[in-house]
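Residue-level structural notes
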Amino acid sequence: MNSSSISLSDNWKCKSDYDNVGIKERWYIPKNYDQNDPNLLNLEIPMSFNTLSRFEVYEGIFWHFYEFEINRDNLDEYDFFKLNFEGSNYNTKVWLNGFFLGEHDGGFTPFYFNFKDHLNTSQNFIAVRTDNIRKNNRIPSISFDWFNWGGIYRDVSLEFVPRNRIKDIIIKTELESRRQALIEITFNVIGTLSIKWEILNSQQTKTLFKGNMEEISREGRISLTINNPKLWSPNNPYLYYLKISDSTADEILYESNFGVREIEIKGTSIYLNKKRIFMKGVSLHEELLPYGRTIPYEERVKDIRSMKKMGFNALRTAHYSHDESLIDIADKEGILILEEVPVYWACNFSGPKANETFKTAAKMMRNLIKRDINHPSVIWWSVGNEIPIERPWVSRFMKRLMQWTRMHDNTRIVTYVSMKLFSDLTRRYADVATINFYFGWYIASARLVSLMLDVMRTPAFNKPWIYTEFGAGAKYGFHADWEKQLKFSEERQLHVLDYSIRTFNAKKYLAGWFIWIYRDFRSFLRQNVHQQGFNRKGIVSEKNEKKLICKRFPQIMHEKRKLLNTKVLGIFLWIILYPLAYILTFLILDAGFIFGDNVRIEKMKKIEKKRLLDNSK
Ligand code: GCB
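Residues numbered from 1 in each chain as written. Predicted model: local features only at pLDDT ≥ 70, side-chain atom pairs only at ≥ 80, totals over all residues. Heavy atoms only, no water.

**Looking at the environment of Phe-278**
Note on placement: Phe-278 falls in the loop between strand E18 (275-277) and strand E19 (279-283). Owing to a relative accessible area of 17%, Phe-278 belongs among the buried residues under this scheme. In sequence terms Phe-278 and Asn-313 are 35 residues apart; their C-alpha atoms lie 8.7 Å from each other. For Phe-278, the residues in contact, after removing those within four places along its chain, are Asn-313, Phe-504, Asn-505, Leu-510, Ala-511, Gly-512 and Trp-513. (Helix = DSSP H or I, 4+ residues; strand = E, 2+ residues; numbered from the N terminus. Buried < 20%, exposed > 50% of the residue type's maximum accessible area, 1.4 Å probe, protein only. Contact = heavy atoms within 4.5 Å.)

**Structural notes on the packing of helix H1 (residues 297-310) against helix H2 (residues 324-333)**
In contact at an axis separation of 10 Å, H1 and H2 are set at 40° when each is read in the N-to-C sense. Taken together, the axes of H1 and H2 lie oblique to each other. Between H1 and H2 lies a crossing whose hand is right-handed. Of the residues in H2, those in contact with Tyr-297, Arg-300, Val-301, Ile-304, Arg-305 and Lys-308 of H1 are Ser-325, Leu-326, Ile-329, Lys-332 and Glu-333. (Axes fitted to C-alpha atoms, helices over the stretch in contact; angles between N-to-C directions. Parallel < 35°, antiparallel > 145°, perpendicular 65-115°, else oblique. Left-handed = near helix turned anticlockwise from the far one by under 90°.)

**A look at the nonpolar core**
One recurring pattern in soluble globular proteins: nonpolar side chains tend to sit buried together. Ranked by internal contacts, the top residues of the largest apolar core, which has 76 residues, are Phe-312, Val-343, Trp-513, Ile-515, Ile-539 and Phe-553. Looking at which element gives the most residues to this core, the answer is helix H3 (residues 354-372), with seven residues. Residues in contact with Val-343, not counting those within four places in the same chain, are Ile-139, Phe-349, Ala-361, Val-383, Gly-384, Asn-385, Ile-387, Phe-397, Met-398 and Leu-401. Core analysis: the next-biggest nonpolar cluster, separate from the first, contains 43 residues, Trp-12, Leu-52, Trp-95 and Ile-152 among them. (Core = buried A, V, L, I, M, F, W, Y, C linked by side-chain atoms within 4.5 Å.)

**Brief notes about the site of the ligand**
Taken together, 14 residues are adjacent to the ligand, and Asp-145, Tyr-344, Glu-386, Tyr-442 and Lys-537 come closest. Here Asn-385 contributes a side-chain N or O atom positioned 2.9 Å from an oxygen atom of the ligand. A distance of 3.3 Å separates an oxygen atom of the ligand from a polar side-chain atom of Trp-516. Protein chains bury 96% of the 320 Å² of accessible surface belonging to the ligand in isolation. Grouping the constituent residues of the shell around the ligand by class yields five nonpolar, four polar and five charged. (Near = heavy atom within 4 Å. Polar contact = N/O pair within 3.5 Å; in protein donor to acceptor, adjacent residues only side chain to side chain. Areas by Shrake-Rupley, 256 points an atom, 1.4 Å probe, with all protein chains shown as cover. Nonpolar A, V, L, I, M, F, W, Y, C, P; charged D, E, K, R; others polar.)

**Topic: the sheet that holds strand E9 (residues 123-131)**
Across the sheet, six strands lie side by side as E3-E2-E4-E9-E6-E7; this open sheet has antiparallel pairing. A strand with exactly one partner marks an edge of an open sheet, and here the two such strands are strand E3 (41-43) and strand E7 (99-105). Within the sheet, the average angular offset between the axes of one strand and its neighbour, ignoring direction, is 25°. Inspection of the sheet shows strand E2 (residues 12-16) paired to strand E4 (residues 61-69) by four bridges, in the antiparallel sense. Looking across to E4, one finds that Lys-15 is bridged to Trp-63. (Pairing = 2+ DSSP bridges.)

**Comments concerning the pairing of strand E6 (residues 91-96)**
A large share of E6 lies buried, amounting to six of its six residues. Of the strand pairs in this sheet, E6 and E7 are connected by six bridges, and their pairing is antiparallel. Its bridge partner lying in E7, Thr-92 is registered against His-104. Hairpin connection, E6 to E7: the antiparallel pair is bridged by two residues, and Asn-97 has positive phi, about 50°.

**Considering the sheet that holds E18**
Ordered in space as E16-E17-E18, the three strands form an open sheet in which the pairing is antiparallel. With partners counted over all chains shown, the strands left at the sheet margins are strand E16 (263-266) and E18, one partner each. The average angle at which neighbouring strand axes cross in this sheet is 45°, direction not considered. Note: strand E17 (residues 269-272) against E18, three bridges, orientation antiparallel. Each residue of the ladder has a partner; that of Tyr-271, found in E18, is Arg-276.

**As for the domain arrangement of the chain**
Structurally, the chain comprises domain 1 (4-162), domain 2 (165-261) and domain 3 (274-580). The C-alpha-based centres of domain 1 and domain 2 are spaced at 35 Å. (Domains from an automatic or database assignment.)

**Focus on the pattern of salt bridges**
Tallied over the entire structure, the rule returns 40 salt bridges. Here Asp-431 makes a salt bridge to Arg-406, at a shortest N to O gap of 2.9 Å. Note that Asp-431 is positioned in the loop between strand E23 (413-417) and strand E24 (433-436) and Arg-406 in helix H4 (residues 392-408), a separation of 25 residues in sequence. Classification of Asp-431 by relative accessible area gives partly exposed; the value is 22%. Judged by its relative accessible area of 26%, Arg-406 is partly exposed. (Salt bridge = Lys/Arg side-chain N within 4 Å of Asp/Glu carboxyl O.)

**Focus on a nonpolar patch on the surface**
Where nonpolar side chains cluster on the molecular surface, the patch consists of Leu-580, Ile-583, Leu-584, Leu-587 and Ile-588 and spans about 510 Å² of accessible area. One can find Leu-587 in helix H7 (residues 567-589). Residue classification places Leu-587 among the exposed positions, given a relative accessible area of 60%. (Patch = residues over 30% accessible without salt bridge, like charges linked within 9 Å, V, L, I, M, F, W, Y side chains within 5 Å.)

**Concerning helix H6 (residues 490-505)**
Here H6 is 16 residues long and its end C-alpha atoms lie 22 Å apart, about the 22 Å a rise of 1.5 Å per residue gives. Burial runs high along H6: 15 of the 16 residues are buried. (Expected span 1.5 Å × (residues − 1).)

**A short note on the packing of aromatic side chains**
Under the counting rule described, the total for this entry stands at 45 aromatic pairs. Taking the centre distance of 5.3 Å and the plane angle of 50° together, the rings of Trp-95 and Phe-100 count as tilted. When its relative accessible area of 5% is taken as the criterion, Trp-95 is described as buried. Consider the rings of Phe-349 and Phe-397, whose centres lie 4.9 Å apart with planes at 85°: the pair is edge-to-face. Residue Phe-349 is found in the loop between strand E21 (336-340) and H3, and its partner Phe-397 is found in helix H4; the two are separated by 48 residues along the sequence. You'll find Phe-349 and Phe-397 in the same group, each marked buried. Note that Arg-293 overlies the ring of Tyr-153, its terminal NZ or CZ placed 5.8 Å from the centroid. Stacked on the ring of Phe-358, the Lys or Arg Arg-400 has its end atom at 3.8 Å from the ring centre. (Phe/Tyr/Trp six-rings, centres within 6.5 Å; stacked < 30°, edge-to-face > 60°. Lys NZ or Arg CZ within 6 Å of the ring centre and 35° of its normal.)

**Concerning the pairing of E2**
The element E2 is largely enclosed, with a buried count of four among its five residues. Examined bridge by bridge, E2 and E3 share three bridges and lie antiparallel to one another. Residue pairing in the sheet places Cys-14 in a bridge with Leu-41 of E3.

**Remarks on the packing of H3 against H4**
Relative orientation of the contacting elements H3 and H4 amounts to 30°, with a least axis distance of 10 Å. The orientation of H3 relative to H4 falls into the category roughly parallel. Along this stretch, H3 crosses H4, giving a crossing that reads as right-handed. Counted together, Ala-354, Asn-355, Thr-357, Phe-358, Ala-361, Ala-362, Met-365, Arg-366 and Ile-369 of H3 and Phe-397, Arg-400, Leu-401, Trp-404, Thr-405 and His-408 of H4 form the full contact between these two elements.

Here it is in C-alpha cells:
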C-alpha cells in the first residue's frame, strides 16, 4: 500500500470576512455552512484572491470552503492523513469537519497538517481561513516592495499515509574529480520494508545501477561511485532518475530526477563541478498578470527559456521561494537558482518578540530546504535581504539563521543579501559577500561602480562577491534622447545596465551579477506617472514586452570594460569612510527600516485604489 494523494482543486466556495466575524460565528462548522449563501464565490484553488474584481487591493481575511466525498472504506489501514498546502498567504487556519487542525504562519513555503481521526468515509467539509494583513511580527513585516497576493495560491492535496513508508529522502552528490562522483542517498524508514532501488538514465530507458535491501527499518542508505558521470550544469542539465520501490508489493515508494553536481567555494571564486563559474543572472518575482502568483506551468517555461536565450545562467527567486514547478523547470532547462526567505527590511529583530520572529524565519528556511534539497539547480540559500545589518541584534539574528541553515544543508552556499556599501561587517560570516546598490539610478552614476566595489570589498577580502541587485526603471515604450538620460526612459535603463554589466564582467573577484529584475511587478510603493503601481526595473514589461536593453543580450554577457586598478585606493577609502558610514546608516538611513512605514503603505494603497477605480470607469 503506497501513499496516495487527491488534489483538492475544483469547486471551492469562498468569501471575504472584512469584519473578522467568521471565527466568532463559527463558519467552520459544517452545519453553519450554507451552500446557497449569496456571498459565496465559486472558485478553483489555487488562486490569488486579488485577481478577482472588487478584491484587487484587498488585504484581509478570506475564507475557503470545500466539500468532498471519500469512496474508500479502508481508511483505518492508513497510519494517518495529511492535508498538504504548497503555499498560502500569510496566516492559514484549517478545520476539517468542524475540528481545528492547526494554523501556519508564512506565505511562501509548503506546510501540512497530520491527522488521524475526523476524516469521514462519506461527506467531508474543509474550512480554511487565510489572512494576509501586514503586521509587525510577520515575515515580511509591514513594508515591502512587492504585491501582497493573498489566499491559497498554490496546490492543496489530501494524502493517505501508509504504515510502512520512507521519508526525508536526501540525495547528495560530491565529486572526487570530474570523472568520478560519489552519490549518497539517505532516508528514514517508518515500519519495516524490503526495498529495491534503481538509477536510470534521463530518458528512463536504461537501468544504470540497482540494488536490494532486505527488511530494513529506521534508516536507509545507498552509497555508490559513478565513473565518468554525466554532470549537471546550465549548459548540460543532465538528470538521472531514481526509483525506490517496496519489493514485496512492487510499489513505488519514491521517484525523482536528480543531477550529479557539486558546488564549492575556493578563495574569491565559486566552482561548479570543479570549474570556476561566473553567474550572469537576473531576479524574478512570482507574478504574472492576470494570474497573480498562480502562474501556469507553460508560462514559467517560457520565462526560463527566454532568460536562457538572452544568455543568463542564473535566476534569483526574489524574495521568497517560488512554486516548486519553477525549480523543476530550472533543473530541466538548466539555470542556477538562488533561493531566499522573505526576512526583508524592517522585521521584528529586537524586543521580547524577536525570538518568535527567529523561529518563524527558521521554520521557513527549514521547510524550503526540505522541499528543494534534491534539486540540482538550487545552489544557494539566502536568509534575508536588505536588513539593518549594522545593528548588533540584527547581525546576531542573521548569523544564527545562517548557522541554522548550514545545519540543515551543508552542500550549498549560505548567505544573506546586503545593501550596505561600507558598514556591513557581518558579511565575513557569509559564504559569499553580496551587495545591492543602484548606482546610476537612486544615487550617483554607474561610473562609480568599479571603485565602490573595491572600497566595500575591504572587510571581506577573501570571499567571492556577487552584485546581487542593480538596475534602473524604464516604462516600456517611453523613449528619450540618449544624451538626456531621462529617468524611466528605456535609453536610461540601457545605459545603466550596459555600463554596469561590462564593468562587472571585468572584475576578477566578482563571481557574478544579477539584474533587478526580469519583469515589471506590482507594488503599492510605486505610484509616479511612469510607474502607476508597478516597479518598472524589469527588462521586460508586465506584459513581457522586451525593453531596449534586451537587444544587447546575449552579446553583452562577454563584454568587458577596461578598468583602472583601484585596489589600494579602495582599502584606503574604506578606512576613512567606514566610521562615517556606520554612524550615518545607524542614525539616519535605517530609520525608515526600523520604524516601518505603515502610514506610507496606507497612503500608497489609497492612491492605487483610486487609480484602479478611475481606470474601470
Ligand atoms: C532593492 C530591494 C528590492 C526592490 C529594489 C528596488 O534593493 O531588494 O526588493 O524592489 O531594491 O526596485 O528598489
